[in-house]
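# Chains, contacts and geometry: an overview
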Amino acid sequence: MANFFKRRMSWVNTRMGFFLLTIGLFWVKTYIAYQTEFTLGAKGSVQQFLLLINPLPAALLVFGIALYFRGRLAYWLMMIINVLESTWIFANVLYYREFSDFLSFGIMKGSSDVGNNLGKSLAQITHVYDFFVYVDIIVLIILLVTHVIRIDARPFKRRYALSITVLSFGLMFAEFGMANADRSGLLTRTFDNNYIVKYLGLNEYAAFNAYQTQKESATRASANASDMKSVLKYLKQNRVSPNVSYYGKEKGKNVFVIHLESFQQFLIDYKVNGKEVTPNLNKFYHNQNTLSFDNFYNQVAQGKTSDAEMMLENSLFGLPQGSAMTTYGTQNTFQAAPAILSQQAGYTTAAFHGDVPSFWNRDNTYKSWGYQYFFSSSYYTEKSGYSVGYGLKDKIFFKQSAKYIEQLPQPFYAKLITLTNHYPYELDKKNTDFPATKTGDKTVDPYVQTAHYLDQAFGEFMTYLKKAGLYKNSMIVAYGDHYGISNNHRPAIAQLLGKSKVTNFDLAQFQKVPFMIHAAGLKGGINHTYGGEIDVLPTLLDLLGVKNTDTIQFGQDLLAKNRNQTVAFRNGNFISPTYAKIGGTVYDTRTGKALSLTTAQKKTVDKMQNHVTTELSLSDRVIYGDLLRFYTPKNFTKVDKSSFTYKYKPAMEKLAEAEKKEKTSALVKNKGKETTYKTDAPELK
Ligand code: GP9
Ligand code: MN
């Protein structure tokens with residue numbers, strides 16, 4: 001029997017055998033960690049499959065290094081690599097437990113930050129079973145030392161080692177190909193560290209993160225205080241004075257920013273089979289106390305939602321590639337809306353979103369922006385059927401947000417990010433009571449159905465605000481973040497717009513999104529000024545009467561009289577009331593006709609182009625160089641990220657404390673009685 005066993009097990013006494021055993025064990029334990037310690041959200045067979053196999057290619061590569069060495073050394077190297085690799089898992093397990101995110105080299109470099117950020121001591125978050133990641137190593141070492149496994153001292157052929165290396169790269173490429181087919185833009189758009197680990201693995205994440213950190217710190221290191229000079233000079237030339245008939249009119253009111261996912265301007269007043277797609281938003285849009293802008297453009301690039309958020313709350317542009325929130329949100333210094341409002345006007349600040357907090361790196365970025373609270377997936381009750389796509393369905397999201405909103409000391413600044421109207425516009429039958437369009441384009445046709453659902457959710461939320469007594473003392477801002485129908489759907493877009501075909505100019509106009517500000521007593525109407533997401537923050541601060549004459553903001557108050565109405569698109573194209581430059585072509589904005597320019601016209605267009613290029617590149621410089629660390633506006637204190645936690649328990653305790661102290665929450669005002677939230681969401685019946 002013993003002999004039989006020995007014979008069966010003799011393969012581990014070869015170098016290759018031991019190598020495969022080591023890797024096999026490492027693979028298993030990584031997978032166990034994936035399943036038990038991280039919430040990677042692998043959905044469907046492709047993602048499950050990638051999650052299962054993704055530890056292998058990198059393990060072959062890294063452990064394979066040992067195969068290039070001789071005799072005993074090779075064995076000990078394998079063990080050393082194993083210790084290092086396991087420590088990487090171990091450290092990530094601990095970090096994830098506290099931050100729901102993976103370690104980044106940027107964070108480790110500024111390691112005081114990690115210390116500061118750890119709410120609890122390491123001992124408190126470490127569990128005995130975490131040390132299991134080292135068990136296989138201990139067992140292997142014991143087996144080697146006791147000669148149960150014998151070291152194979154025969155020389156190992158270089159070409160075998162090389163084959164393993166080549167194989168590992170091959171597998172990695174295959175893995176990356178599959179991952180990118182399932183989630184395009186995985187590395188270029190950089191959504192979420194969880195996605196990189198889920199699709200590619202912990203090692204690949206480490207490599208990618210090291211690359212990003214290197215890029216980021218190189219630009220940061222080469223920047224210095226004098227770089228701020230050109231930014232300040234530009235801003236000085238471009239500052240406009242606020243409109244006196246609006247300045248400070250909404251002082252002290254609560255602010256709701258309602259992020260309407262993928263919502264385009266063309267949906268306003270749009271009808272399908274004679275029925276309005278968005279009756280509630282239409283009413284809101286036309287209300288006499290709503291300021292609505294009908295030449296307001298989204299200015300996002302690859303960072304989509306995150307670019308919109310960056311512009312809206314910082315008046316800084318998103319980056320030409322990737323997402324500034326993901327790459328720079330954790331490390332950079334910001335002077336964002338939540339920080340400004342809480343410091344200068346005593347606002348409570350909170351963000352609400354029904355997705356995981358790591359998406360777009362919100363959990364870190366929001367701290368940098370000064371958000372005191374971030375209510376994300378773990379704050380919401382999740383039952384089967386409550387979610388679709390990225391997260392909670394809008395009706396359920398708004399309803400469940402209400403109980404947190406009621407507890408916020410007033411005045412508050414609350415941003416609610418919706419989700420259901422997101423590509424691929426899926427919604428179950430029970431929630432679909434609106435006809436799809438009939439362009440024949442499957443991605444486009446259900447868009448109006450999810451938009452209609454979003455509109456109903458918005459309507460229910462407005463009804464609730466009225467009941468809770470929050471409608472009258474709040475300024476309610478609603479905006480669409482970016483297009484829902486991309487330019488790849490020209491024929492369908494033409495049909496939706498009732499045209500025979502669409503030009504590039506039409507497509508630029510199709511980038512309009514709604515921007516509306518409502519408040520009791522506000523002088524409303526439809527304003528035709530040309531502007532975009534970059535202009536929101538100065539507009540809101542002026543309405544709230546919060547001084548912002550020395551802040552670093554690239555937009556201009558949309559209500560100001562002499563504003564520059566040239567709207568930059570992220571790729572350097574632009575549109576203004578007179579000319580639009582799209583690709584190489586200049587169009588007359590009033591007629592949409594392509595122009596061949598006179599010398600005088602060319603001069604004007606060049607000047608506009610110059611303005612656009614300058615503001616985009618200066619804004620990029622601010623982010624790449626982390627220039628705000630060199631400049632602090634008067635009355636502003638640098639945000640201390642370590643003072644915030646978004647973990648459910650401590651955050652709720654903090655909120656309860658604040659409520660007790662300030663006694664200004666809607667709940668307190670309503671004598672502790674929760675306002676009933678009415679929704680027709682079928683899931684809640
Ligand atoms: C996910 C959501 C979607 O949390 O905000 O982002 P998007 O795909 O629209 O950029
Ligand atoms: Mn979006």
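Along every chain, residues carry numbers that run from 1 in the direction the sequence is written. The lettering of chains begins at A and the numbering of ligands begins at 1, in the order of writing. In view of the model being predicted, local features appear only for residues whose pLDDT reaches at least 70, and side-chain atom pairs are presented and counted only at 80 or more, with totals across whole chains, interfaces and linings using the full set of residues. Calculated side-chain values reflect all of the structure's heavy atoms, with hydrogen atoms and water omitted.

## Some remarks on the sheet that holds strand E16 (residues 574–575)
- Overall, antiparallel pairing links the four strands, which are arranged E15-E16-E17-E18 in an open sheet. Each edge of the open sheet carries a strand with a single partner, namely strand E15 (567–568) and strand E18 (585–588).
- In this analysis, strands are considered paired if DSSP registers two or more bridges between them. Each helix is a run of DSSP H or I of at least 4 residues and each strand a run of E of at least 2, with the numbering of both proceeding from the N terminus. Of the strand pairs in this sheet, E16 and strand E17 (residues 579–582) are connected by two bridges, and their pairing is antiparallel. Paired with Ile-575 across the bridge in E17 is Ala-580.
- Here helix H24 (residues 599–624) sits on the sheet and contacts E15, E16, E17 and E18; the angle it forms with E17, its principal contact strand, is near 60 degrees. Every residue pair with non-hydrogen atoms within 4.5 Å of one another is taken to be in contact. Here an angle of 0 to 180 degrees is reported between the N-to-C directions of two axes, which are lines fitted to C-alpha atoms, with helices fitted over the stretch in contact.

## Here's the deal with the domain arrangement of the protein chain
- Domain annotation of the protein chain identifies domain 1 (2–219) and domain 2 (226–631 + 645–669).
- Residue ranges for the domains originate in an automatic or database domain assignment. For domain 1 and domain 2, the distance between their C-alpha centres works out to 40 Å.
- Contacts between domain 1 and domain 2 engage 19 residues on the former and 22 residues on the latter.
- A quick way to say it: buried area is the sum, across both parts, of accessible area lost when two parts are put together, with a 1.4 Å probe. Three residues, Arg-189, Phe-191 and Glu-216, lead the burial of domain 1 against domain 2; their summed loss comes to 30% of the area buried on that side.
- A pair is scored as a salt bridge if a Lys or Arg side-chain nitrogen falls within 4 Å of a carboxyl oxygen belonging to Asp or Glu. Connecting domain 1 to domain 2 are zero salt bridges.
- Under the rule applied, a polar contact is a pair of N or O atoms within 3.5 Å (in protein, one hydrogen donor and one hydrogen acceptor; residues adjacent in sequence only if both atoms are side-chain atoms). Linking domain 1 with domain 2 are 10 residue pairs in polar contact (both at pLDDT 80 or more).
- For the side of domain 1 that touches domain 2, the secondary structure elements donating two or more residues are helix H5 (71–99), helix H6 (105–109), helix H11 (193–199) and helix H12 (202–222).

## Quick look at the site of ligand 1
- Proximity is defined per residue: any heavy atom of the residue falling within 4 Å of a molecule or strand makes that residue near it. Every residue near ligand 1 is listed here: Glu-261, Lys-304, Thr-305, His-353, Asp-355, Phe-359, Trp-360, Arg-362, Leu-419, His-422 and His-482.
- With respect to ligand 1, the side chain of Glu-261 contributes an N or O atom lying 2.9 Å from an oxygen atom.
- Between an oxygen atom of ligand 1 and a side-chain N or O atom of His-353, the distance comes to 2.7 Å.
- Shrake-Rupley sampling with a 1.4 Å probe provides the accessible areas, and residues are treated as covered by the protein chains on show and by no other component. Protein chains shield 98% of the accessible area of ligand 1, which is 310 Å² for the free molecule.
- Each residue gets one of three labels, nonpolar for Ala, Val, Leu, Ile, Met, Phe, Trp, Tyr, Cys and Pro, charged for Asp, Glu, Lys and Arg, and polar for the others, Gly among them. Class assignment of the residues belonging to the shell around ligand 1 gives a composition of three nonpolar, four polar and four charged.

## Description of the UniProt feature "binding site: Mn(2+)" (unreviewed entry) in the protein chain
- Feature annotation in UniProt assigns "binding site: Mn(2+)" (unreviewed entry) to the following positions: Glu-261, Thr-305, Asp-481 and His-482. Spanning 222 residues, the annotated positions come together in the fold, the maximum distance between their C-alpha atoms being 8.0 Å.
- Assignment of secondary structure puts Thr-305 in helix H15 (residues 304–314).
- In this scheme, a residue with accessible area under 20% of its type's maximum is buried, one over 50% is exposed, and one in between is partly exposed, where area comes from a 1.4 Å probe on protein chains only. You can call Thr-305 buried: its relative accessible area is 6%.
- Once residues within four sequence positions are removed from consideration, Thr-305 is found in contact with His-259, Glu-261, Trp-360, Arg-362, Asp-481 and His-482. UniProt positions are given in the numbering used here, feature names are shortened, and annotations may be inferred rather than shown by experiment.

## Section: the UniProt feature "domain: Sulfatase N-terminal" (unreviewed entry) in the protein chain
- Taking the UniProt record as the reference, the feature "domain: Sulfatase N-terminal" (unreviewed entry) is found at residues 253–546.
- This span, residues 253–546, is 33% helix and 18% strand, and a straight line between its end C-alpha atoms measures 12 Å.

## Topic: the coordination of the manganese ion (ligand 2)
- The protein atoms donating to the manganese ion (ligand 2) are Glu-261 (OE), Glu-261 (OE), Thr-305 (OG1), Asp-481 (OD) and His-482 (NE2), with metal-donor distances spanning 2.0 to 2.5 Å.
- The donor set comprises N, O and S atoms within 2.8 Å of the metal, extended to 3.2 Å for Na, K and Ca; water molecules are omitted, so apparent gaps in a site may simply reflect that omission. Labels for metal geometry use angle windows, namely 85 to 135 degrees for all angles of a four-donor tetrahedral site, and for square planar (four donors) or octahedral (six donors) sites opposite donors over 155 degrees apart plus all others within 65 to 115; sites meeting none of these are irregular. Coordination at the manganese ion (ligand 2) is irregular, judged from the six donor atoms that bind it and the angles of 54 to 168 degrees they form at the metal.
- Between the donor residues of the manganese ion (ligand 2), the gaps in sequence give the motif E-x43-T-x175-D-H. Note that Glu-261 is positioned in the loop between strand E1 (254–260) and strand E2 (271–272) and His-482 in the loop between strand E11 (474–480) and helix H21 (490–497), a separation of 221 residues in sequence.

## Some remarks on helix H3 (residues 44–53)
- Inspection of H3 places Gln-47, Leu-50 and Leu-51 among the buried residues, and these make up the whole buried set. Projected onto a plane normal to the axis of H3, the buried residues spread over an arc of 100 degrees and lie on a single side.
- On its buried face, H3 sits against helix H2 (15–37), helix H4 (55–64), helix H10 (158–182) and H11. Working definition: the arc comes from the directions between the helix axis and the C-beta atoms, pointing outward to the latter.

## Things to note about the environment of Phe-208
- Along the chain, Phe-208 turns up in helix H12.
- It is 24 Å that separates the C-alpha atoms of Phe-208 and Ser-163, two residues lying 45 residues apart in sequence.
- Beyond its immediate sequence surroundings of up to four residues, Phe-208 is in contact with Leu-187, Thr-190 and Ile-196.

## Considerations on empty space enclosed by the protein
- For each structure, a 1 Å grid was placed over the protein atoms alone; sets of points admitting a 1.4 Å probe that cannot get out are labelled cavities, open sets with protein on both sides within 12 Å along at least five of seven lines are labelled pockets, and lining residues have an atom within 4 Å of a point. Grid points are joined across faces, edges and corners, and a volume is the space filled by probe spheres set on the points. Across all of its chains, the model carries six cavities of 30 Å³ or more by this definition.
- There is about 180 Å³ of room inside the largest cavity.
- Taken together, 16 residues line the largest cavity, and the ones lying closest to its centre are Ser-104, Asn-209, Thr-326, Thr-327 and Thr-330.
- Elements with a minimum of two residues in the lining of the largest cavity: H6, H12 and helix H16 (324–328).
- When residues of the lining of the largest cavity are assigned to domains, at least three map to each of domain 1 (2–219) and domain 2 (226–631 + 645–669).

## Observations concerning the pairing of strand E10 (residues 412–417)
- By the criterion of burial, E10 is predominantly enclosed, with six of the six residues buried.
- Taking every second residue as pointing to the same face, both faces of E10 are buried, with Phe-412, Ala-414 and Leu-416 on one and Tyr-413, Lys-415 and Ile-417 on the other.
- Alignment of E1 against E10, held across five bridges, turns out to be parallel. By the bridge assignment, Ile-258 is partnered in E10 with Leu-416.
- One ladder, built from six bridges, connects strand E6 (residues 348–353) with E10; its direction is parallel. Note that in E10 the partner of His-353 across the bridge is Ile-417.

## Brief notes about the side chain of Asp-455
- Take Asp-455: it is sitting in helix H20 (residues 447–468).
- Here the positive residues are Lys and Arg and the negative ones are Asp and Glu; neither His nor the chain ends is included. Here Asp-455 is buried and forms no salt bridge, its nearest opposite-charge partner Lys-283 lying at an N-O distance of 8.4 Å.
- Here Asn-280 takes part through its side chain, which lies 3.0 Å from a polar atom of the side chain of Asp-455.
- Dropping the residues within four chain positions of it, Asp-455 is found in contact with Val-277, Thr-278, Pro-279, Asn-280 and Leu-281.

## Some thoughts on the pattern of salt bridges
- Applying the stated criterion to the full structure yields 19 salt bridges.
- Here Lys-393 and Asp-428 are joined by a salt bridge, their closest N and O atoms 3.0 Å apart. Of this pair, Lys-393 sits in the loop between strand E9 (391–392) and helix H19 (394–405) while Asp-428 is found in the loop between E10 and H20, placing the two residues 35 residues apart along the sequence.
- Residue classification places Lys-393 among the buried positions, given a relative accessible area of 4%.
- What makes Asp-428 partly exposed here is its relative accessible area of 27%.
- Measuring nitrogen to oxygen at the nearest pair gives 2.7 Å for the salt bridge that ties Glu-683 to Lys-393. On the criterion of sequence distance, the pair formed by Glu-683 in the segment after helix H26 (666–669) and Lys-393 in the loop between E9 and H19 is long-range, its members being 290 residues apart.
- Owing to a relative accessible area of 17%, Glu-683 belongs among the buried residues under this scheme.
- One continuous salt-bridge network, built from bridges that share partners, spans Glu-216, Arg-220, Asp-626 and Arg-629.

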